[in-house]
Amino acid sequence: MNQPKVIKVIDARGLEPPEPFVLTMDALNASGPGEAVLLLLSREPYPLYQALDRNGFSHQTRRTPDGTVEILSWRNPD
């Protein structure tokens with residue numbers, strides 16, 4: 001698969017759980033094939049990773065030099 005196109009960026013670094021989780025899942029559920037959501041957090045969202053795996057989404061995580069955790073998530077092709 002080609003790199004998915006980011007359709008929404010959610011900067012959740014100042015939000016409290018479960019808001020980042022809910023915003024991300026809502027955006028992903030509204031996404032189409034080849035579309036991705038980029039979530040920005042100050043820590044790794046382990047419960048979100050589990051939910052993504054269970055619900056047919058893939059993700060890539062990277063940490064930026066300033067400590068931000070970037071999670072790119074997209075729907076797995078059928």
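Residues numbered from 1 in each chain as written. Predicted model: local features only at pLDDT ≥ 70, side-chain atom pairs only at ≥ 80, totals over all residues. Heavy atoms only, no water.

Peer 1: What should I look at first to understand the layout of surface pockets in this one?
Peer 2: The probe, sized like a water molecule, is rolled over the atoms to show the empty space still left. Of the voids in this model, the largest pocket is the one considered here, and its volume is about 240 Å³. Lining the largest pocket are 16 residues, and of these Pro17, Pro20, Phe21, Arg43 and Pro45 lie nearest its centre. Within the residue set of the lining of the largest pocket, elements represented by two or more residues are helix 1 (19-29), strand 2 (35-41) and helix 2 (46-54). It is helix 2 that provides the largest number of residues to the lining of the largest pocket, a total of three residues. Its residues placed into classes, the lining of the largest pocket shows twelve nonpolar, one polar and three charged. (1 Å grid on protein atoms, 1.4 Å probe; cavity = no way out; pocket = protein on both sides within 12 Å on 5 of 7 lines; lining within 4 Å. Points joined across faces, edges and corners; volume = space filled by probe spheres on them. Helix = DSSP H or I, 4+ residues; strand = E, 2+ residues; numbered from the N terminus. Nonpolar A, V, L, I, M, F, W, Y, C, P; charged D, E, K, R; others polar.)

Peer 1: I tried to follow the nonpolar core on my own but got confused; where do I start?
Peer 2: Nonpolar side chains in soluble globular proteins generally cluster together in the buried interior. One finds Ile10, Leu39, Leu52 and Ile71 to be the most contacted residues of the largest nonpolar core, which totals 14 residues. Every element with two or more residues in this core is listed here: helix 1, strand 2, helix 2 and strand 4 (69-75). What isoleucine 10 contacts, discounting residues up to four positions off in sequence, is Leu23, Thr24, Ala27, Val37, Leu38, Leu39 and Leu40. Grouped together as the second largest cluster of nonpolar side chains are five residues, Ala36, Leu38, Leu40 and Leu72 included. (Core = buried A, V, L, I, M, F, W, Y, C linked by side-chain atoms within 4.5 Å. Buried < 20%, exposed > 50% of the residue type's maximum accessible area, 1.4 Å probe, protein only. Contact = heavy atoms within 4.5 Å.)

Fair warning: the whole summary comes from geometry, so function is off the table for now.
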